[in-house]
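What follows is each chain in one-letter form.
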Amino acid sequence: MFLDREASTAKACRLIREAGKNGARVIGLPEGFIPAHPVWFHHHAATSAVANKFSVELFKNSVEIPGPEITALGEAARDANAYVVIGVCEKMPNTIGTMFNTQVYFGPDGRMIGKYRKVHLPGHDDHRPNVPYQHLEKKYFEVGNLGFNVWKMFKDEVRIGQCICNDRRWPETFRVMSLKAAEMVVLGYNTPSDNVYAPHEPPYLRVFHHMLSLQAAAYQNGIWVIATAKAGKEDGFWLHGGSVIVAPTGEIVAKGTTEEDEVISYDCDLGLGEYIRNTTFNFAKHRRPEHYKLISERTGVEIDLAN
Ligand code: CDV
């Protein structure tokens, strides 16, 4: 297991500085970048004991906020003169074993402006001998407790929100941030090409669902969405990659095409979403929250017929 906190911090800082040199003003890096680790546990033969041991190692190598890795990332953001969003595995130093799947947001002055802790944790927390790999996010991490927040970017002119990976599949994620006036959402993700719970699902459909979720979210809220993936083979399994920048029109304007380290960029017109937010998706005019109450009151499906 590649749990090298120092090496992954150094790599992140190098990439941030490079992107800054190339003119990027907003830089996103994937989920769980520091320490580099597989978010799921890819061992066919893994036992609960092995998973527990990994959990301890992951805690040991995780990042404290504030801490030296956060300082180094801030310095890189300052050198790059850019806003930076990056995924880290965050540990609570006073509560052994407690970790969050977190994304940190820095300003061009090197200051950490905010952080987000992943809310929609996928996977399972028990050992399942019959699945091809264990996806143990629910075992390793606590459910995020900071909500979906929005921060200022470019002085007061733009508002940016964050989410992580599986959050992107849930329309509630983006709607909450859009109700707080987000104009751009940046997220990192790690998605295996295979669906551990539905092995019949082909990889092309995985990529399709990823794009579909982001394009719908961008259009239905009139926002820019920037999504950055881990890609390639990790611990014996494929991650589908496919980093994208989606315009508020729902159109993909830049896309990763390889399974290697890759940089994609786009010169975003930050005013583009305004006409969508003022017409079709003018929330103040057209939303009907009195009919949406179930969304916050009910978690699962219950049969509730009107006839
Ligand atoms: N890291 C993730 O959250 N991955 C999930 C998969 C594995 C369900 C995703 O939504 O891509």
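Rules and cut-offs
- Residues numbered from 1 in each chain as written.
- Predicted model: local features only at pLDDT ≥ 70, side-chain atom pairs only at ≥ 80, totals over all residues.
- Heavy atoms only, no water.
- Phe/Tyr/Trp six-rings, centres within 6.5 Å; stacked < 30°, edge-to-face > 60°.
- Helix = DSSP H or I, 4+ residues; strand = E, 2+ residues; numbered from the N terminus.
- Buried < 20%, exposed > 50% of the residue type's maximum accessible area, 1.4 Å probe, protein only.
- Near = heavy atom within 4 Å.
- Polar contact = N/O pair within 3.5 Å; in protein donor to acceptor, adjacent residues only side chain to side chain.
- Areas by Shrake-Rupley, 256 points an atom, 1.4 Å probe, with all protein chains shown as cover.
- Nonpolar A, V, L, I, M, F, W, Y, C, P; charged D, E, K, R; others polar.
- Expected span 1.5 Å × (residues − 1).
- Arc of directions from axis to C-beta.
- Contact = heavy atoms within 4.5 Å.
- Axes fitted to C-alpha atoms, helices over the stretch in contact; angles between N-to-C directions.
- Parallel < 35°, antiparallel > 145°, perpendicular 65-115°, else oblique.
- Left-handed = near helix turned anticlockwise from the far one by under 90°.
- Salt bridge = Lys/Arg side-chain N within 4 Å of Asp/Glu carboxyl O.
- Patch = residues over 30% accessible without salt bridge, like charges linked within 9 Å, V, L, I, M, F, W, Y side chains within 5 Å.
- Pairing = 2+ DSSP bridges.

A. Structural detail: the packing of aromatic side chains. Applying the stated criterion to the full structure yields 8 aromatic pairs. Considering the side-chain rings of Y83 and Y105, the 6.0 Å spacing of their centres and the 20° angle between planes classify their relative orientation as stacked. Of this pair, Y83 sits in strand β2 (residues 83–91) while Y105 sits in strand β3 (residues 99–106), and the two are 22 residues apart along the sequence. Y83 sits in the buried class, given a relative accessible area of 10%. Ring centres of W224 and Y266 lie 6.0 Å apart, and the angle between their planes is 35°; on these two criteria the pair is classed as tilted.

B. Seen up close, the site of the ligand. Around the ligand there are 13 residues in total, and K118, C165, N166, R169 and T191 lie nearest to it. R169 places a polar side-chain atom, nitrogen or oxygen, 2.7 Å from an oxygen atom of the ligand. Notes on the ligand: free accessible area 320 Å², of which the protein chains cover 91%. Taken together, the residues of the shell around the ligand break down into 4 nonpolar, 4 polar and 5 charged.

C. Representation of helix α2 (residues 48–61) in the model. With 14 residues, α2 extends 20 Å between its outermost C-alpha atoms, agreeing within 8% with the 20 Å of an ideal straight helix rising 1.5 Å per residue. All of the buried residues in α2 are A51, F54, S55, L58, F59 and N61. Burial along α2 is one-sided: seen end-on, the buried residues are contained in an arc of 165°. Those residues of α2 that are exposed and angled more than 90 degrees off the buried face are A49, K53 and K60. Each element contacted by the buried residues of α2 is listed here: α1 (5–21), β2, β3 and α4 (137–140).

D. Structural detail: the packing of helix α5 (residues 171–179) against helix α6 (residues 203–221). Across the interface, α5 lies against α6 with an axial gap of 10 Å and an inter-helix angle of 25°. Taken together, the axis directions place α5 and α6 in an arrangement best described as roughly parallel. Judged by the sense of rotation from one axis to the other, the crossing of α5 with α6 is right-handed. On the side of α5, the interface is formed by F174, R175 and S178, while α6 contributes L214, A217, Q220 and N221. Partitioned by chemical class, the residues of the contact of α5 with α6 number 3 nonpolar, 3 polar and 1 charged.

E. Focus on the pattern of salt bridges. Evaluated as defined, the whole model comprises 17 salt bridges. With a shortest N-O distance of 3.4 Å, D109 and R111 are connected by a salt bridge. Look at D109 and you get partly exposed, because its relative accessible area is 46%. Between E183 and R159 there is a salt bridge, with its nearest N and O atoms 3.3 Å apart.

F. Structural detail: a nonpolar patch on the surface. A cluster of nonpolar side chains, Y204, F208 and L212, forms an exposed patch at the surface whose accessible area comes to about 350 Å². Tracing the backbone through its elements, the reader meets L212 in helix α6. For L212, a relative accessible area of 45% puts it in the partly exposed group.

G. Spotlight on the pairing of strand β10 (residues 237–240). Two elements, strand β9 (residues 231–234) and β10, share 4 bridges in a ladder whose sense is antiparallel. Within β10, the residue paired with K233 across the bridge is W238. In this structure, the hairpin formed by β9 and β10 is closed by a connection of 2 residues, where D235 is found at a positive phi of approximately 50°.

H. Highlighting unusual backbone geometry. Omega for the bond connecting I34 with P35 falls within 30 degrees of zero, at -10°, which places this linkage in the cis form. Following the sequence through the fold, P35 ends up in the loop between β1 (26–28) and α2. Of note, the amide linkage connecting I65 to P66 takes the cis form, showing an omega dihedral of 0°. Turning to its location among the elements, P66 is positioned in the loop between α2 and α3 (68–80). For N81, which is not glycine, the phi dihedral falls at a positive 55°. For N81, the location among the structural elements is in the loop between α3 and β2. N81 sits in the partly exposed class, given a relative accessible area of 45%. The phi torsion at F154 lies on the positive side, around 50°, for a residue other than glycine. Inspection of the secondary structure puts F154 in the loop between β5 (150–153) and β6 (158–164).

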